[in-house]
Number of protein chains: 2
Amino acid sequence: MSSDELFGAVSHPLRIEIVKALAERPLRFADLKRKLRISSSGLLDFHLKKLDDLITTNEEGCYSLSGRGFAALTTVESAARYYRLRSAQKRSFLLNLVVVTLGNIITLWVASQQNNYALWYAAVLPVTLAWMIFYSYWTIVKRRIRLWQ
Amino acid sequence: MSSDELFGAVSHPLRIEIVKALAERPLRFADLKRKLRISSSGLLDFHLKKLDDLITTNEEGCYSLSGRGFAALTTVESAARYYRLRSAQKRSFLLNLVVVTLGNIITLWVASQQNNYALWYAAVLPVTLAWMIFYSYWTIVKRRIRLWQ
DNA sequence: TTCAGTTGTCAACAAATATTGACCTTCAAG
DNA sequence: CTTGAAGGTCAATATTTGTTGACAACTGAA
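Residue positions are given per chain, counting from 1 as you read along its sequence in written order. Lettering of chains starts at A and numbering of ligands starts at 1, both following the order in which they are written. Under the rules for a predicted model, residues below a pLDDT of 70 receive no local features and side-chain atom pairs below 80 are neither given nor counted, while totals for whole chains, interfaces and linings still include all residues. Hydrogens are left out, water is left out, and the side-chain values use all remaining heavy atoms of the structure.

Trainee: So what about the confidence of the model for chain A? Which residues, and what values?
Mentor: Values of pLDDT, which run from 0 to 100, indicate the predictor's confidence residue by residue. Per-chain confidence: chain A averages 87 in pLDDT, with 94% of residues scoring 70 or above. At the low end of the mean pLDDT range in chain A sits helix 5 (residues 67-114) of chain A, at 83; at the high end sits helix 4 (residues 41-50) of chain A, at 95. Numbering of helices and strands starts at the N terminus; helices are DSSP runs of H or I of at least 4 residues and strands are runs of E of at least 2.

Right, dumping it as C-alpha cells:
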C-alpha cells in the first residue's frame, strides 16, 4: 500500500471516524451504523470497502483494525498532533535557552562572591555555549522550526 | 485544515511528488512541469490548486512549501516511518544527558585544578540536576518515551 | 518583428467517488 | 407464522476529481 493509497483511504471524514471507532474496540456492522449515526447501510458498506486494507473481520462478524489500520491511525493522530508537537519542540528549545542563561547568571553571581571567575571562563561558558550553538543549529536548520513569527 | 482535508491534499501520487519536489527547493511553474514530466499545463494547474493550503508563491513566481506544506511532508514521511520521530526525541534526551554529565565533569576537573569546589556545589550541580530531573519527568512520564528496550 | 518559452486559465469530458434507497437473506422472538 | 433486526448487496444518480487541449498574455532573444 503506497502513501497516496493510505491517504486516499483516510481522506474522508466518515472513514476517519470509522478508523477511530474501531481503534477503541471491535464493532459489528449495526454497531458502527448506530455509533456513526449513519442511516444508509449502502453508505457504510461503501466506506468499509474503501477501508479494505485497514480493517479485518473476525469469525463473529466483528470489524477491527488490521496492522495497517493501526499504522493509519498513528498517521492520522500524528497529523492532528503535528502543530502541538512542533510548538512543544519550540518550547523545549526556548526553555533550554532560559535554563542555560540562568545557569550562567547564577554561576557568575556565585563566582563574583568569591572573586574567582576562572571556573566560569574555563568550563561553564564554553560548554553551555557549545551546547546552545549545536542545539540552535539542530532546531532551526535541521528541524526547520521557526522560533519567531 | 482538518485531517481529512490534509489527507485529501496528498492522496494523489502527483501531488505527493509535487510536495517532495518543493521540499527540496522552490521551483517555478515550468521547472515543476519538466521535473515531474507533465506535458499538460492544465494538469499541473489543477493539482497546484488542490495543494493551495500547502504551498506559497514568492514575488518571483517560485512555488515553495508553506508551514502546512512542511507539516504535510512530515505526515507523508511519517506514513512510511512513523516511529522515527519518537526515536529522535529519545536521542535528544540522551544527548542532553551526555552534555550535562560532561559539563559537570569538565567543571569539576577545572575546580580541582584550583582546589575550589564552591562554585560547582553552589551553582553548576543544582542547576544541571534540576534541569535533568525536570527533563526526565517530561520525557518519560509526559511523553511516555521508553529509553530502554 | 518574430519566435520560442513562461505562466497560467478555461471549457469539456472521462472517470472515480459519494449517497440514496430498494431489495435480499438469515435468524430469533412473540 | 409474522415481525423486526442484523448484515449486508446492488443499481441509479449526484457530485467531485482528473485529464486534455485550446487559448492568451507576457518576456526576452535573434
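From this point on, the discussion continues.
Trainee: Mind laying out the protein's contact with DNA strand C, listing which residues take part and the relevant values?
Mentor: Proximity is defined per residue: any heavy atom of the residue falling within 4 Å of a molecule or strand makes that residue near it. As a matter of local geometry, DNA strand C sits amid 17 residues, with A:R15, A:S40, B:A30, B:D45 and B:K49 nearest to it. Within 4 Å of the protein, the contacting atoms of DNA strand C are drawn from sugar and phosphate to the extent of 68%. Any pair of N or O atoms that falls within 3.5 Å is considered a polar contact. Within protein, one atom must be able to donate a hydrogen and the other to accept it, and sequence-neighbouring residues count only if both atoms are side-chain atoms. Between A:H47 and DNA strand C, the recorded distance is 3.2 Å, taken from a side-chain N or O atom to a phosphate oxygen. Within the side chain of B:K49, an N or O atom sits 2.4 Å from a phosphate oxygen of DNA strand C. Mapped by element, the contributors of at least two residues to the surface near DNA strand C are helix 4 of chain A together with helix 3 (29-35) and helix 4 (41-50) of chain B. Considered class by class, the residues forming the surface near DNA strand C number five nonpolar, six polar and six charged. Residue polarity follows a fixed list, in which Ala, Val, Leu, Ile, Met, Phe, Trp, Tyr, Cys and Pro are nonpolar, Asp, Glu, Lys and Arg are charged, and the others, Gly among them, are polar.

Trainee: Would you mind going over the interface of chain B and chain A in detail, with residue names and values included?
Mentor: Should any heavy atoms of two residues lie within 4.5 Å, those residues are considered in contact. Facing the 45 residues of chain B at the interface are 43 residues of chain A. Once two parts are brought into contact, the accessible area they lose, counted with a 1.4 Å probe and summed over both, makes up the buried area. Among the residues of chain B in contact with chain A, B:F7, B:L119 and B:W131 are the three that bury the most area, contributing 17% of the side total. Here, a salt bridge means any side-chain nitrogen of Lys or Arg that lies within 4 Å of a carboxyl oxygen of Asp or Glu. At the surface where chain B touches chain A, the tally comes to zero salt bridges. Across the chain B-chain A interface, the total number found is two residue pairs in polar contact (both at pLDDT 80 or more). Sorting the residues of the side of chain B that touches chain A by element identifies helix 1 (3-9), helix 2 (13-24), helix 5 (67-80), helix 6 (84-114) and helix 7 (118-142) of chain B as the ones contributing at least two each. Counting residues per element, the side of chain B that touches chain A draws most heavily on helix 6 of chain B, at 13 residues.

Trainee: Could you give an account of the protein's contact with DNA strand D, with specific residues and numbers?
Mentor: Around DNA strand D sit 17 residues in total, of which A:F29, A:D45, A:K49, B:R15 and B:S40 are the nearest. Backbone atoms, meaning sugar and phosphate, form 67% of the atoms of DNA strand D found within 4 Å of the protein. The side chain of B:H47 places a nitrogen or oxygen atom 3.2 Å from a phosphate oxygen of DNA strand D. Looking at the surface near DNA strand D, the elements that each hand over two or more residues are helix 3 (29-35) and helix 4 of chain A together with helix 4 of chain B. For the surface near DNA strand D, the element with the highest residue contribution is helix 4 of chain B, accounting for five residues. In terms of residue class, the surface near DNA strand D is made up of five nonpolar, six polar and six charged.

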